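Chain by chain, the residues run as shown.
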Amino acid sequence: MSSLDAFAITRKWPAQHPDRIQLYSLPTPNGVKVSILLEELGLPYEPHRVSFDSQDQFSPEFLSLSPNNKIPAILDPNGPDGKPLALFESGAILVYLASKTGQFIPADTAGRYETLQWVMFQMGGIGPMFGQLGFFHKFAGKDYEDKRPRDRYVAESKRLLGVLDKRLEGRDWVMGEQYTIADIAILPWVRNLVGFYGAGDLVEFSQFKNVARVLEAFVARPAVAKGLTIPA
Ligand SMILES: N[C@@H](CCC(=O)N[C@@H](CS)C(=O)NCC(=O)O)C(=O)O
């Protein structure tokens with residue numbers, strides 16, 4: 001009997017390696033944040049696919065860990081005080097894993113809060129706004145005759161890209177020389193906006209030269225390339 005058996009989620013997605021971090025995810029912009037960080041950290045983990053086609057996110061087993069029915073979620077058998085820790089919300093998971101390992105987050109207090117500020121900028125701004133733009137441009141909302149909702153999210157996405165572009169002026173990464181969880185939170189969403197959503201022209205992405213430069217450096221990292229494919 002492993003320490004994870006008490007968690008109902010392991011009944012639907014049994015842990016083959018209960019000593020490893022269990023990741024419940026899909027390769028979406030929120031899901032890959034966690035797989036990219038795990039790859040960057042080189043931590044052993046076991047990915048499990050939560051299929052939206054099968055509505056897995058609404059199963060009682062998944063909801064027992066992630067009551068908001070959203071991926072990603074993790075179960076760390078070796079959490080604080082050596083006890084298992086279950087977490088949902090990608091921002092919380094990034095902060096947890098970076099704090100646990102002392103990597104991809106500055107060691108000094110001011111730098112740490114500055115990084116968290118940019119993680120929150122993604123969680124409260126970039127993610128929700130780009131996501132809405134995706135709905136109105138690529139998914140069901142694209143057939144709506146009234147283009148005002150779409151235009152509202154286009155304008156807000158452009159504004160956010162402008163804020164990010166200004167921050168990246170003269171910097172390698174959001175926090176300067178140090179690559180952190182702020183980059184890992186933000187850049188998968190930018191990649192998705194211009195890639196999968198095909199909204200590059202709509203937001204006039206070519207004007208955000210710093211964002212484009214940093215996105216290119218991000219996707220060139222081997223851990224990012226791998227993390228983007230998890231779970232296979
Ligand atoms: N704030 C959440 C958002 C997570 C989220 O929206 N996940 C989407 C996939 S990218 C999801 O699970 N959607 C399934 C659903 O809404 O049924 C986080 O960052 O973890």
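Just above, that's the structure.
Residues numbered from 1 in each chain as written. Predicted model: local features only at pLDDT ≥ 70, side-chain atom pairs only at ≥ 80, totals over all residues. Heavy atoms only, no water.

Peer 1: Could you clarify how one ought to interpret the overall build of the protein in this entry?
Peer 2: For the protein, the count of helices and strands is nine helices and four strands. N-terminal to C-terminal, the α/β element order of the protein is α-β-α-β-α-β-β-α-α-α-α-α-α. Whereas a compact globule of 232 residues would reach a radius of gyration of roughly 17 Å, the protein reaches 18 Å, a difference of no more than 12%. Judged by the C-alpha coordinates and their principal axes, the protein covers about 55 × 45 × 25 Å. Considering the protein as a whole, with its 232 residues, one finds that 48% of them fall into the buried category. Summarising the internal contacts of the protein: among those between residues at least 6 apart in sequence, 67% fall at separations of at least 24. Accessible surface, the protein: about 11100 Å² in total, of which carbon and sulfur atoms supply 53%. The positive charge centre, built from 25 side chains, and the negative charge centre, built from 26, are 3 Å apart in the protein. (Helix = DSSP H or I, 4+ residues; strand = E, 2+ residues; numbered from the N terminus. Rg over C-alpha atoms; globule rule 2.2 N^0.38 Å. Buried < 20%, exposed > 50% of the residue type's maximum accessible area, 1.4 Å probe, protein only. Contact = heavy atoms within 4.5 Å. Areas by Shrake-Rupley, 256 points an atom, 1.4 Å probe, with all protein chains shown as cover. Lys, Arg positive; Asp, Glu negative; His and termini not counted. Charge placed at Lys NZ, Arg CZ, Asp CG, Glu CD.)

Peer 1: What should I look at first to understand the sheet that holds strand β1 (residues 21-25) in this one?
Peer 2: Strand order across the open sheet formed by four strands is β2-β1-β3-β4, with mixed pairing between neighbours. Sheet topology places β2 (45-49) and β4 (85-88) at the edges, where each strand pairs with a single neighbour. The mean inter-strand angle of the sheet, taken between neighbouring strand axes irrespective of direction, is 15°. When β1 meets β2, the two strands line up parallel, connected through five bridges. Residue pairing across strands places Q22 opposite E46, the latter belonging to β2. Across the face of the sheet, helix α4 (residues 90-101) comes into contact with β1, β3 (73-76) and β4 while running at roughly 135° to β4. (Pairing = 2+ DSSP bridges. Axes fitted to C-alpha atoms, helices over the stretch in contact; angles between N-to-C directions.)

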